[in-house]
Each structure stands twice: as structure tokens, then as C-alpha cells.
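What the coordinates show
Below are the chains, spelled out letter by letter.
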Amino acid sequence: MKKYVDVILPLPLPRSFTYSLPEDGMEDIQPGCRVVVPFGRKKYYTAIVCNVHYCPPEGYEVKEITTVLDTSPVLLPFQFKFWEWLADYYLCTQGDVYKAALPSGLKLESETIVEYNPDYEAEGSLPEKEQKILDLLSQEPEQSVTRLEKESGIKNILTVIKSLLDKEALFIKEELRRTYKPKTEARVRLVGVADERQLHILFDILSRAPKQLSLLMMYVELSGVLGKSPIREVSKKELLQRAGVSPAVLSGLVDKKIFEIYFQEIGRLNKVVHETVALNPLNEHQLRAFTEINNIFQNKNVCLLHGVTSSGKTEIYIHLIDEMLRQGKQVLYLLPEIALTMQITERLKRVFGSRLGIYHSKFPDAERVEIWQKQLSSQGYDIILGVRSSVFLPFRNLGLVIVDEEHENTYKQQDPAPRYHARNASIVLASMYGAKVLLGTATPSVETWYNATTGKYGLVELKERYKEIRLPEIIPVDIKELHRKKRMSGQFSPLLLQYIREALEQKEQVILFQNRRGFAPMIECRTCGWVPKCKNCDVSLTYHKGINQLTCHYCGYTYQLPRSCPACEGVELINRGFGTEKIEDDIKVVFPEASVARMDLDTTRTRSAYEKIIADFEQGKTDILIGTQMVSKGLDFDHVSVVGILNADTMLNYPDFRSYERAFQLMAQVAGRAGRKNKQGRVVLQTKSIDHPIIVQVMNNDYEQMVDGQLAERQMFRYPPYYRLVYVYLKHKNEATLEQMADVMAGKLRSVFGSRVLGPDKPPVGRIQTLFIKKIVLKIEYNAPMSRARELLLQVQREMIEDERFKSLIVYYDVDPM
Ligand code: ADP
Ligand code: ZN
Ligand code: ZN
């Protein structure tokens, strides 16, 4: 009987496609194997088999697959289930998930090849560029467009090729290129020598070629031929280096058929065996928390560890991991940011050595392929430490997921699809394996806190810092007042400068925090700090430079830009935001003798740049570290005595229903970097809203008051965790058409979801890559099944696209947006 396979293509297609298998071979093809298939006009893609069956498809003519790439699957059965869940829940396609999940080295890349038409005869002379291409092709008749572009140096090569195609001088074909290449090493082995006697004859023969002889001697030493050990091959590089001879000497011996050179695949992954040390004993508070967590795991799958900064949560994780490994299970340890992996890697390596693998996007793709393959095998790492994307790795025996700093919004993928939340996705992944999940943080997200206090998750509290050093003292400074009295030096208050000076004198370190989001286009009164707010929603308005108007992110309402401040009648309404770079320049002027470093997106493009900034600070080479939210996350430094929060207001006024929660988390976290090891630290919190409830809560380190207030507001205004948000984005190249479509779509959605539909609204960036964008917000009752909402949404979307006028409309969704 003829076999068929359903495949997932790496394209945003709503369903899988069926292909037939050729008659010969390929019988043992299984779900999870990669195949190459033709799709569309002469295009080839690496697809993943998701189903093998005997039913021919209906409605289209079935094509045959081109090649099978694997004899055994590259995906484990749980991963299919996980992909399905992601596509369903986050309203995207499995193709989107596939694209994000697999390292690109596991996907062959399609390349356009042009081929010279041997029958072509030019009529008269060709333009110079076209002639150049044909000359290149006359040397080698088939070449990739990328290569032709490089060799010819022609800029708009595609137009030149198009013209040659029109003249039928060329053909086009598509070819697949492997991007992952295994790393190999040249090895040398001795041939034709059966025993020691023959080896000695060889020594005699070579006595007149001293260099060759010394190479042979070194080979003998390295491989241990003369002893009892069996003859081994040795690395060519090592052999030449140790013998101190040139490659020509070796070639001579190869020519004499004494040696043979061959290539062996070697992995890129670090194989160094680490000395490991015993675990640190937990103190009494940690031990209590550890026991409570284990008790909770008896009957709950998810547990929140709410422990103040520097309470030793990481040590507790280490003990939990150790226990899992004893049971023969694997652990996934998620971190929100690459910057953090280095410090944690050091700590975990010390205890778990080479049982730990690290996975993140700044690693070369080939290494990620090898980690993937290792995890597929039965010799996978026992612990994977990684960022968001490590939820996609294959696990054979997952027992525990740790989500460190669970409140961090970098766990949510923004663009492209799948717009998944790694914390939530990992909870689903864990449930498929029957594994447990520990969420750890000093400042839980409102959603997680709600789940932990309503009994869905377990809750364990850890309120004492390790060694019981007190939490830092937080001193608010009213910069509105200081600005008025002209007592600020740039962005620095006298108190902050005094503390920095004292710290430097005592050889202690300083962290200055300036939130990146300060760059958001907002308007502020220079005199009194007034910020325009929406009358319908509790958020500040966003300034749109293009239309010179203020709009509300959430309800779409627009306002005229006032000429003067309605609060104090001041006329200086300024565009807000000052960056880390400016702070760096200014602080260098005040403290020219201090060494200053900056950590933000611009200074940390590469992994080594991150590592250097952190290492320099750890080793005391840097006195003052300035940074964005990157410095707030879980870093553990010993000698920071002062932290300055330069401007709390930009965080408080960010137009988002989560801005208060975020502001509290950021400030509490960055404050937590102070005084971790030696003595109580000091935090200077500069703000224009000294009485703001969030500022007071940060000062008192009163997480619970913050979260209770936020929960009350969320309930009242129908936000998570009481309602689930779905943003519906519409894109089109024509603005008027888009507006019309957005209104129709919002109308259709209102007829289904009623008043819980807001918008359409124009997002702050209203046009990306020549497409205009509109956003509709949907609020769905938390208890309503998501599957029903999905059905309704997709039905509305189909209706839209069936409408002739809206054919080229692009619709995509962001579920649980951050
Ligand atoms: P958190 O993760 O809660 O911020 P950490 O685990 O980083 O806290 O602990 C803070 C500091 O205290 C670290 O430098 C850590 O090495 C040290 N520490 C915590 N617990 C222990 C322990 N049981 N034994 C030795 N050192 C510990
Ligand atoms: Zn509004
Ligand atoms: Zn004012």
C-alpha cells in the first residue's frame, strides 16, 4: 500500500501538507524525521514529518517528497504535543513554532542557483554587467546568486539576472544547502607495522632521515606503541607541534606509506571534566524552604519560591537539582537574560561539572545543533541552563523546571510568532512529562502571586537574607524640589553624589540605574512633572511625533497636545527621557578618577562584551556601573554599597497597565544589588512623585501592599489575572483600507465578544516595513475556555479574508501580551 506523510513546513501555513513516499526505501520513516519537499514554484523546504499514514489527500494533487534527511527522528513525541499546544494557545501556526524551535543548522537552506543556457546566442553586444555575469558562468556554468554577487561586485544583481532570464540566457533552479557542518580533526595513524620488531626495522630505515625519525619517535611516545597499550592514532596538529617539524616531513612519511592521515568528527561541545565540590549546606531558613517545596511537590506541580533578594534562592535550586539528578531525572533551569547565565554557570559548574549544558541564542548555531543532538541521545546533559528558547530542546526524562526571576518580561517573546511566554510554556511542557516547576523571585508577577495565593500553585516564603544582612536602606529624594531650587547637578542629587563619593573613598562600588524605557516618547511638564493621562484608562498618553497628538494605548482615544501645563500653567512641555550614555558622560565629569562602565543593549552586543563588563565589575576594576534594567536582574556582586535610581518617574508613567508592577519590581530588584555580602547597602531613589504609593511601597519593601493594590485595580479594569488579553494586530499597505478593515473586524468581534473589545487603536509605531498597523484589544474571562475564543477569532478572521476587499489583510495575535 502506498504510504503518505503529513509534514509541517517552516512557513506560516494554517495546516500540515501531505506528500507521498517514493516506492523504494523510506519504509522506516517516522514522525519527527526531516524530509525535503517541493512546495510552490520550484521551492524546496526542510519539513518535519508529523504523521505517517495510507490516505491520499483530497483537494490537491499529491507530490512526492524529494529526500529523507534522517533515519531517526530529531523530535521526541512530547515535543509534537508541545508544538501543538503552543500553536493553539498563542494563535499561530505549527510552522511558526517549527521555525523558532529548531536551530537553523538543522534546517537546510534553500539557495537560488543560476545555470547558463548552452544554446544561448547573443544578438549583438550585451550591457557590461550582463556580459560580466555570463563570463563568470562560462567558467562554471552553475552558480549561486550569492556567489555571483560576491564575485562580480554588482550591486543590483537581481535586475541584471532578470534581464538575462528574459533573454533566455539563463535558467534558474533551487538547491538546498546544508548549514551545519560537523567539526573534524586530522588524525595520523601508523600503517603496515604489525609488531615491535617491524617498528625497530622502521627506525633503522629512517636513521638517515633524522626529521622523519624524530616524528616517528614522537608518534610512538604519544600513542604508546612501544608499551603494552594498543596502537592509537594521534592528532596531526599535536604530533607536528610536539615533534617540532614541518608538515612536509609528515607528507614524506605518508608518501612512503608509513603513516596515514584521516579525518575524524569531533564535537564542538566542551568536554573538559571539571573538578566538582560538595554542595554548600543550607542554613536553617533555606532548609525550611527546601523542605516546604518538597512537601508541596507531593500534591502540586508548580510552586512559587518568594524569597527576598540575596536570601540564597540559588543555593536552594542547587539542592533541588541535586535531588532530581539522584532520581535520574533532567532539569531545565531558565533564566531571563544571557547576562545572567555566566554567573550562574560558574556556580552550577562548581557543583555539577560536565553534567551541565548551556543553551542560548548568542551561541554559534553549530554548537546549538550539537546540544540538540546530544539531548536527543540517551547521553544528554542532565541540566540545561538557558534562556527562553531552551524550552524547545528535546528532553528524555524531564523532572524539574526552575524558572528564575519568573517575573521578568523577557520571558515573553515579542516578534515574530510564536509570541510565547517561556514561564507559562514551561509549565505546560512540565505537565506533559509529569515534571515539577519551581518559580523563584523576590518580586513575583501579579499573575503568579494570584495563582500562588488562590491555591493553584504552592507558595513558600523566604524573608531572611543569607547571613541576615539587612535589606538596603532606601532613601527617597524629591528631585522636583531640587530642580526648582536649582540644586541638581544634571541628573544627580547632592545626596546621591555624596554617597557615591563616600563609597569611592572606601573602595566600594556603585550601581546607577536608568531605565531604558525612559526613551519612550512621552510629554512631561518641566516645572511640575505633570504627565498627561487618559480619561478612560489609568495610563499615561503616548506622544506621536508624526501627528503631534497624544493617544491612549489602550482605548485609542486621541487628545490635542496642550499649549501649557494644566496643573501649573508652565509652558515648557518637554519630551522626556535621558539615556545611560548621557549619565556616563556626566558622572565621568564629576568623578574623573573613578573607572566607569555602562551596561545596556548598545554595549553588550556580543557575549564577550557582557562577560567583560560583569567580570571587570566583579574583580573591582570598575567603580561605577551604569545600566538599564540589565543591571537589575539577579546579579550577585559582593562590594556594591550604593545604588542610585536616577528617575523613578519614567517607569511609573509608562503607558501600560503593568507599569506600576514593573516599576516596583525594577526598583526592588536593583535595590537588591546593594549590600549583599558585607554590610547594609544604601539606595538613593530620585523621583518627582515622592508620595506615589509605589515609591512608598518600594521604600518599605512592601511587596504585598503593592500586589494587593494592583490586584484590586486589575479586577476593576478587567485586566489579567482576572481577564486574559489578546491583542489582534491588522496590517495592510494602504492606510485607508486598513482603517476600514479594522473597523469591520472590530464590529464583528464586538458582535461576538461585546464590550470586552477595545479599539481599533493605532499602536505607537503605526507603520512597520511599509505596512500600516492597527490593534484591537480583546478581554476574555479567565475561566472561559481559550479553545472557544480561538475558534471564534479564527472564524472572524476567515470571514474577513473571504471578503474580496480585504484579501491581502494580514492578521496576527499576541496572547497574554506583556
Ligand atoms: P538569591 O538567589 O536569593 O539572590 P543567592 O543564592 O545568590 O541569593 O545568595 C546570595 C549570596 O549568598 C551568594 O553569594 C551565595 O553564594 C551566598 N549563599 C547563599 N546561601 C548560601 C549557603 N547556604 N552557603 C554558602 N553561601 C551561601
Ligand atoms: Zn484610554
Ligand atoms: Zn506643570
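Residues numbered from 1 in each chain as written. Chains lettered and ligands numbered in written order. Predicted model: local features only at pLDDT ≥ 70, side-chain atom pairs only at ≥ 80, totals over all residues. Heavy atoms only, no water.

Under an unreviewed UniProt entry, the chain has the name Replication restart protein PriA and belongs to Jilunia laotingensis. Comment text from UniProt for the chain, heading Subunit (unreviewed entry), reads "Component of the replication restart primosome." (UniProt positions renumbered as here; feature names shortened; annotations may be inferred.)

**Here's the deal with the site of ligand 1**
In the vicinity of ligand 1 lie 16 residues, with P281, Q286, T314, R347 and D636 positioned nearest. The separation between an oxygen atom of ligand 1 and a polar main-chain atom of G312 is 3.0 Å. Burial of ligand 1 by the surrounding chains reaches 87%, relative to a free accessible area of 550 Å². With 3 residues, helix α11 (residues 313-326) is the largest single contributor of residues to the shell around ligand 1. (Near = heavy atom within 4 Å. Polar contact = N/O pair within 3.5 Å; in protein donor to acceptor, adjacent residues only side chain to side chain. Areas by Shrake-Rupley, 256 points an atom, 1.4 Å probe, with all protein chains shown as cover. Helix = DSSP H or I, 4+ residues; strand = E, 2+ residues; numbered from the N terminus.)

**Some remarks on the sheet that holds strand β8 (residues 142-144)**
Strand order in this open sheet of 3 strands is β8-β7-β9, and the pairing throughout is antiparallel. The sheet is open, and its two edges are formed by β8 and β9 (170-177), each paired on a single side. When strand polarity is set aside, the average angle formed by the axes of neighbouring strands in this sheet is 35°. Pairing geometry for strand β7 (residues 109-116) and β8, over 3 bridges, is antiparallel. Within β8, the residue paired with V114 across the bridge is Q143. (Pairing = 2+ DSSP bridges. Axes fitted to C-alpha atoms, helices over the stretch in contact; angles between N-to-C directions.)

**Describing the coordination of the zinc ion (ligand 3)**
Summarising the metal site, the zinc ion (ligand 3) is bound by the protein donors C525 (SG), C528 (SG), C565 (SG) and C568 (SG), whose distances to it range over 2.2 to 2.4 Å. Classification of the site at the zinc ion (ligand 3) rests on its 4 donor atoms, whose angles at the metal span 102 to 113°, yielding the label tetrahedral. Site description for the zinc ion (ligand 3): donor spacing in sequence, C-x2-C-x36-C-x2-C. In this pair, C525 sits in strand β22 (residues 523-525) while C568 sits in the loop between β25 (558-560) and β26 (573-575), placing the two residues 43 residues apart along the sequence. Judged by its relative accessible area of 33%, C568 is partly exposed. (Donors = N, O, S within 2.8 Å, 3.2 Å for Na, K, Ca; no water. Tetrahedral: all angles 85-135°; square planar, octahedral: opposite > 155°, others 65-115°. Buried < 20%, exposed > 50% of the residue type's maximum accessible area, 1.4 Å probe, protein only.)

**Observations regarding the environment of F39**
Within the secondary structure layout, F39 lies in strand β3 (residues 34-39). Residues contacting F39, with those up to four places away along its chain left out, are L9, L11, L13, F17, Y19 and Y45. (Contact = heavy atoms within 4.5 Å.)

**Digging into the pattern of salt bridges**
A complete count under the given rule lists 36 salt bridges for this structure. Put simply, R147 and E151 hold a salt bridge, and the shortest N to O gap is 3.6 Å. Placement of the pair is R147 and E151 together in helix α4 (residues 145-152), with a separation of 4 residues, close to one helical turn. Residue E260 is joined to R189 by a salt bridge in which the shortest nitrogen-to-oxygen separation is 3.1 Å. Here the residue E260 occupies a position in strand β12 (residues 259-266), and R189 occupies one in strand β10 (residues 183-190), the gap between them amounting to 71 residues. For E260, a relative accessible area of 33% translates into the label partly exposed. Through salt bridges with shared partners, a single ionic network connects E140, R147 and E151. (Salt bridge = Lys/Arg side-chain N within 4 Å of Asp/Glu carboxyl O.)

**With respect to the pairing of β10**
For β10 and β12, the ladder comprises 8 bridges, and the chain directions are antiparallel. Residue pairing in the sheet places R189 in a bridge with E260 of β12. By the bridge criterion, 2 bridges tie β10 to strand β11 (residues 234-235) in an arrangement that is antiparallel. What sits directly across from V188, in β11, is V234.

**As for the side chain of H319**
Summarising the element assignment, H319 is placed in helix α11. Apart from the residues lying within four places of it in its own chain, the contact partners of H319 are L279, N280, L282 and F290.

**Remarks on the packing of aromatic side chains**
Scanning the entire structure with this criterion turns up 19 aromatic pairs. Relative to F39, the ring of F17 lies with its centre 5.2 Å away and its plane at 75°, an arrangement referred to as edge-to-face. On the criterion of sequence distance, the pair formed by F17 in strand β2 (residues 17-20) and F39 in strand β3 is long-range, its members being 22 residues apart. F39 gets classed as partly exposed once you look at its relative accessible area, which sits at 22%. Judged by centre distance (5.1 Å) and plane angle (80°), the rings of W449 and Y703 are edge-to-face. Pair noted here: W449 is in helix α15 (residues 446-453) and Y703 is in helix α23 (residues 703-716), with a separation of 254 residues, a long-range link. Of the two residues examined, W449 and Y703, each falls in the buried class. Linked through ring pairs, F17, F39 and Y60 together constitute an aromatic cluster. Positioned over the ring face of Y381 is K374, at 4.6 Å from the centre of the ring. (Phe/Tyr/Trp six-rings, centres within 6.5 Å; stacked < 30°, edge-to-face > 60°. Lys NZ or Arg CZ within 6 Å of the ring centre and 35° of its normal.)

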